There are 4 protein chains.
Amino acid sequence: MFEGIYTPIVTPFNDDEEIDYEKMYHNLDRWGETDLAGIVVLGSNGEFVFLSLDEKLKLVKEVIGHFTKGKKVIAGTGCESTRETIELSKKVAELGAVAVLVLPPHYYKAGMKDEILYRHYVDVGDESPVPVFVYNMPGNTGINLSSSLVARLSRHPNIVGIKDTSGSIVQLSELVRDTEDDFAVFPGNAGYLYPGLAIGAKGATLALANILPQDCCTLFSLFKGGRMDEAQALQLRMLEINSLVTIKLGIPALKAAMDMLGYQGGKPRRPLRPLPEEGRKLLQEALRRYGGIG
Amino acid sequence: MFEGIYTPIVTPFNDDEEIDYEKMYHNLDRWGETDLAGIVVLGSNGEFVFLSLDEKLKLVKEVIGHFTKGKKVIAGTGCESTRETIELSKKVAELGAVAVLVLPPHYYKAGMKDEILYRHYVDVGDESPVPVFVYNMPGNTGINLSSSLVARLSRHPNIVGIKDTSGSIVQLSELVRDTEDDFAVFPGNAGYLYPGLAIGAKGATLALANILPQDCCTLFSLFKGGRMDEAQALQLRMLEINSLVTIKLGIPALKAAMDMLGYQGGKPRRPLRPLPEEGRKLLQEALRRYGGIG
Amino acid sequence: MFEGIYTPIVTPFNDDEEIDYEKMYHNLDRWGETDLAGIVVLGSNGEFVFLSLDEKLKLVKEVIGHFTKGKKVIAGTGCESTRETIELSKKVAELGAVAVLVLPPHYYKAGMKDEILYRHYVDVGDESPVPVFVYNMPGNTGINLSSSLVARLSRHPNIVGIKDTSGSIVQLSELVRDTEDDFAVFPGNAGYLYPGLAIGAKGATLALANILPQDCCTLFSLFKGGRMDEAQALQLRMLEINSLVTIKLGIPALKAAMDMLGYQGGKPRRPLRPLPEEGRKLLQEALRRYGGIG
Amino acid sequence: MFEGIYTPIVTPFNDDEEIDYEKMYHNLDRWGETDLAGIVVLGSNGEFVFLSLDEKLKLVKEVIGHFTKGKKVIAGTGCESTRETIELSKKVAELGAVAVLVLPPHYYKAGMKDEILYRHYVDVGDESPVPVFVYNMPGNTGINLSSSLVARLSRHPNIVGIKDTSGSIVQLSELVRDTEDDFAVFPGNAGYLYPGLAIGAKGATLALANILPQDCCTLFSLFKGGRMDEAQALQLRMLEINSLVTIKLGIPALKAAMDMLGYQGGKPRRPLRPLPEEGRKLLQEALRRYGGIG
């Protein structure tokens, strides 16, 4: 059901730290023209942790209202409490989200044993009106969802996939091996898109696709077409930019890169700050090296 | 200005996962009869991450309204965004909180460089109507606030102290050495209350004081009175229970221990679950070994 | 120059903890009949840290003397000091090793900055009579050799490859991208053999090849022949056994599996102990699931 | 039996990376004039991992031969294999070492479960002719010896103490609480000497005592004399220098500081390198701030 390339879209803010919807519409229009299978709103790159509940709901509504028909919109709804996660999932489903991407509760790291997390996801899966994607993001949450836990969750009829940003290709392989056949295993970072597809992933959710959506889709097509050498070459070429806008410089760099490439990134909300000049130079050089953009 | 023992109070929930105010009043009455200098509402042990904004505000109001006059109420107001942290700080100040305890933003761990955190805390310090306590909690946040960062923050006139739960006695020592003289360095766990006081801490904020408030205060008094051997002995005696209700079994154990000791812990909110039977036994045995409670 | 599958051979010990050469000869004969490109003696799986200098030299001599002509023997020579590493490299070269595999010094972890490691490897590369393979093994050493450091080292004419056991497919990709063209990038664990080859690795050094040498070589051949689906399927099938004999149960399990499969694993040296019964059962079940061995 | 301040002595090397015994004698004479209870040879600060077996034995012999009678010499004998550890312990005992300090095997980190480590230490304790000190050094070994494991080991008649460099004051407290009464719990870093003593340590083994032996002994005396405020003040004053010569800049800084203070540090052996100029400046400034040395 879910396959292809998705991007977790950024949320542009204006100088007053309010969501800048004009910039958002501009970006949505451009992404809509690509081969992206869909987008994720309220993901990590969307600075969802900085948004109030009202802002979240309005944002989902606007994004769904303005994005190309025929492409999917998934909404991030992970909250620390189970019931808040369920409530938010119900609300975004009502607004038209086709699925929810659910980050695990993680503040009480020591308490988040497999059994606790299992029951949390099952409770959410039971109550969410739309299918649930599990979201494994150890870099931000400090906890890793083991492949055995996710395999158990894949037996739930309403839990349909995982975005795995652990960076472990072995874990990704185990997910492919152990989850149900129709369960969508998605690498969560473009740094291992090609190896992830090679090992059996059905698609991917990539921050990089905010700025290079078509190239990410091209890599997917090359792989699907069996053109492995070209896919490998494109993968290697993508690494540098991808590393800058995700691991090394993060959201401020992703937003700056959008501005450099004809999108409208806007500002981040505090405590994040616009990318300093030094970072901008690194980014420009990397984009120059990257060359023509598909 | 701030010294002595504080406890970050638990939030009792009923079977429907709603805040149980009757239980809260009961606990407040009991804590009010002790030598505690004050309490912290909306701290980690208060499951603040599970509460909506409305719940937080009502809780602060009720707690301040019902707690013994003459003791201090500090409120936790750390949010991921700077502006939400400021807004919440203003609201709890209006409700009567004498200070705010501010957890750092931590979701974007890789982006939380010292300079970003410095500016965040300065912005909050500038805008908060009441003094700011920094809250270092690496076990839950995954980031550690270095002593050099906190030393810089201590120069701000409205940043007045730190609760440090890093567990590093060297870091605590550096904080004592490098922060302003009137800056309150508080260990954040009873596991190192006595060593912390020995090295120069002025007080402490201790989950253990939910269940053993008077014993924590006794240790403080013994130290103040120069009765080091007794303080050391009490410290060693406290370790086991403290470890169970903080590191090893967490909030569900703290709440269960409250029930065992005449307080009313109530239930945790999901994804947390009531302490399983096996944990209850460990806890009961440890409480039995602990013996008479001062 | 270096490509194909190598295995870091185990060192069988007898009941008195002495090296059991008869068992070693038996294993060498069997490995010699496979498509392995070569073997590594004195690697991590060879318990090199438990061997005295005299034992190391005798072992290298015996292994080279008894192993099939036409296959390569690489010797592990990493010691904590630079000069001991150089001396050992000279001695094994004299005994006929075609290359040395050099683990970084790692006891003084905090002191092992990139520049210190760079100079160490350059000194070793300058003095070693045979080519140097860098050995990145963070799981055991606690330090990771960054792709930028290894890229610099690849410019040295006598540093010819890396065994990378970091488990990071992104790092492996960066190594392929940034090292010299004739530099051999080898994944160091069979858990990511296929993804590693897909991204450009020229070969691999695999503990699993102690017990499943021909299957590892088959996966390599399938990949070389463009039979990606079969390679992927074999990769997934290998994961469980590989995980047991490397990450989960380690050398005692690898030796027990050798015994189960017609090799002669012998005992480990203390502090390691023979695999307990419970582990043996897990292993037997996994081998049964694995099925026919190519 | 063991109490007071020990220092793990540095090993001076000359320009050819050979042990410089003249410098060693000079240092031994100076340490001999202090109130140190003894020294540890072949400890981490002695660069024991860079020494051959012959060098180790000669060094132990020379140190015992030249050090002040009446003070104790403990020798580090931890090797990766159990039997090599036992052999070395027997040899240094024959040379006159009064005890051995035994680092745990740690290369196979994942395999070093409590039971494996327990049996290793019991085997060493059974065979060593002199008492055994356990050496917990997670910063270098990557494994932590839990307080429950050490408590079990303290029941062995020939295992008499621990040097704990974990930095956890809670763990140190648990060791005091759970080990046998005559078991010597020693903090292994001067950063928490005073808190360690306060919680019940009987002595300490401190790299800092290479350069400030008498000040470390003074802190010990102040504590013993109940002069807590002075002990605390001296502790805070020591932190900066201690941090530089241990955590931040390590052995090269410790050796440079020796030269600055009238000792003879000599050079480190490669891969370590003499302290760069920048580090020397930091060190000189810190020593100037530290002021008069007792």
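Cut-offs used in this document
- Residues numbered from 1 in each chain as written.
- Chains lettered and ligands numbered in written order.
- Predicted model: local features only at pLDDT ≥ 70, side-chain atom pairs only at ≥ 80, totals over all residues.
- Heavy atoms only, no water.
- Contact = heavy atoms within 4.5 Å.
- Buried area = accessible area lost by both parts, 1.4 Å probe.
- Salt bridge = Lys/Arg side-chain N within 4 Å of Asp/Glu carboxyl O.
- Polar contact = N/O pair within 3.5 Å; in protein donor to acceptor, adjacent residues only side chain to side chain.
- Helix = DSSP H or I, 4+ residues; strand = E, 2+ residues; numbered from the N terminus.
- Nonpolar A, V, L, I, M, F, W, Y, C, P; charged D, E, K, R; others polar.
- Disulfide = S-S within 2.5 Å.
- pLDDT = per-residue confidence, 0-100.
- Buried < 20%, exposed > 50% of the residue type's maximum accessible area, 1.4 Å probe, protein only.
- Axes fitted to C-alpha atoms, helices over the stretch in contact; angles between N-to-C directions.
- Parallel < 35°, antiparallel > 145°, perpendicular 65-115°, else oblique.
- Left-handed = near helix turned anticlockwise from the far one by under 90°.
- Pairing = 2+ DSSP bridges.
- Least-squares fit on C-alpha atoms with pLDDT ≥ 70 in both.
- Phe/Tyr/Trp six-rings, centres within 6.5 Å; stacked < 30°, edge-to-face > 60°.

Taken together, the contacts link 40 residues of chain A with 40 residues of chain B. Roughly 3,300 Å² of surface becomes buried between chain A and chain B when both sides are summed, with 54% attributable to carbon and sulfur atoms. Sorting the residues of chain A by area buried against chain B places Arg83, Tyr107 and Tyr108 of chain A first, and these three jointly supply 25% of that buried surface. Linking Arg273 of chain B and Asp123 of chain A is a salt bridge whose minimum nitrogen-to-oxygen distance equals 3.1 Å. Where chain A packs against chain B, one counts 18 residue pairs in polar contact (both at pLDDT 80 or more). Sorting the residues of the side of chain A that touches chain B by element identifies helix 3 (82-95), helix 4 (114-127) and helix 5 (138-141) of chain A as the ones contributing at least two each. Looking at the side of chain A that touches chain B, its residues break down into 17 nonpolar, nine polar and 14 charged.

This part covers the state of the cysteines. Counted by the stated rule, this structure contains zero disulfides over all chains. For Cys217 of chain A, which is in no disulfide, the shortest distance to another cysteine sulfur is to Cys216 of chain A and amounts to 6.8 Å.

As a further point, take the interface of chain B and chain D. With 20 residues of chain B at the interface, the matching set in chain D holds 20 residues. Roughly 1,700 Å² is buried in total at the junction of chain B and chain D, and carbon and sulfur atoms are behind 72% of that figure. By the criterion of area lost to chain D, the three top residues of chain B are Arg177, Ile199 and Leu236 of chain B, representing 26% of everything that side buries. Summed over the shared surface of chain B and chain D, the number is zero salt bridges. In this assembly, chain B and chain D are joined by two residue pairs in polar contact (both at pLDDT 80 or more). The set of elements that each furnish at least two residues to the side of chain B that touches chain D consists of helix 7 (169-178), helix 8 (193-199) and helix 10 (228-248) of chain B.

A separate point is the confidence of the model for chain A. Scored by pLDDT, chain A comes out at a mean of 97, with 99% of its residues at no less than 70. Here the complex is predicted with pTM 0.97, and the ipTM for its interfaces comes to 0.97.

It is worth spelling out the pattern of salt bridges at this point. With the rule as written, the count across this model stands at 60 salt bridges over all chains. A salt bridge links Lys90 of chain C to Glu127 of chain C; the shortest N-O distance between them is 3.4 Å. Here the residue Lys90 of chain C occupies a position in helix 3 (residues 82-94), and Glu127 of chain C occupies one in helix 4 (residues 114-127), the gap between them amounting to 37 residues. Of the residues examined, Lys90 of chain C reaches a relative accessible area of 37% and is grouped as partly exposed. Here the residues in one salt-bridge network are Glu17, Arg270 and Arg273 of chain A together with Asp123 of chain B, joined through shared partners.

Residue and element names in this part refer to chain A. Between helix 3 and helix 4, the shortest axis-to-axis distance is 9 Å and the interhelical angle comes to 30°. The orientation of helix 3 with respect to helix 4, classified from their angle, is roughly parallel. You can see that helix 3 and helix 4 cross each other, and the crossing is right-handed. Counting all contacts with helix 3, which are made through Thr82, Thr85, Ile86, Ser89 and Lys90, the residues of helix 4 involved are His120, Asp123, Val124 and Glu127. Tallied by class, the residues present in the contact of helix 3 with helix 4 amount to two nonpolar, four polar and three charged.

The next thing to look at is the sheet that holds strand 5 (residues 132-136) of chain C. What links the strands of a sheet is backbone hydrogen bonding, and the strands pair in either a parallel or an antiparallel sense. Residues and elements named next belong to chain C. Here we have eight strands laid out as an open sheet, ordered 7-6-5-4-3-2-1-8, and parallel in their pairing. The two strands at the open ends of the sheet, each matched to only one other strand, are strand 7 (184-187) and strand 8 (203-205). Direction aside, neighbouring strands of the sheet carry axes that sit 20° apart on average. As paired elements, strand 3 (residues 72-76) and strand 4 (residues 99-102) share three bridges and run parallel to each other.

With that settled, the discussion passes to the relation of the copies chain B and chain D. For the pair chain B and chain D, the best superposition has an RMSD of 0.0 Å and corresponds to a rotation of 180° with a translation of 0.0 Å parallel to the axis. Classification of the inter-copy transformation places it as that of a two-fold axis. If distances are taken from each C-alpha of chain B to the rotation axis, the shortest is found for Pro195 of chain B, at 2.5 Å. Interface overlap between copies: 100% of the residues of chain B at the interface are likewise at the interface in chain D, consistent with a symmetric, same-surface contact.

Glancing now at the packing of aromatic side chains. Summed over the entire model, instances satisfying the criterion amount to 36 aromatic pairs over all chains. Between Phe50 of chain A and Tyr108 of chain B, the aromatic rings sit 5.5 Å apart at their centres with planes inclined by 65°, giving edge-to-face as the arrangement. Separated into two different chains, Phe50 of chain A in the loop between strand 2 (38-41) and helix 2 (53-66) and Tyr108 of chain B in the loop between strand 4 (99-102) and helix 4 (114-127) make up a pair that spans both. The pair formed by Phe50 of chain A and Tyr108 of chain B is uniform in burial state, with each residue classed as buried.

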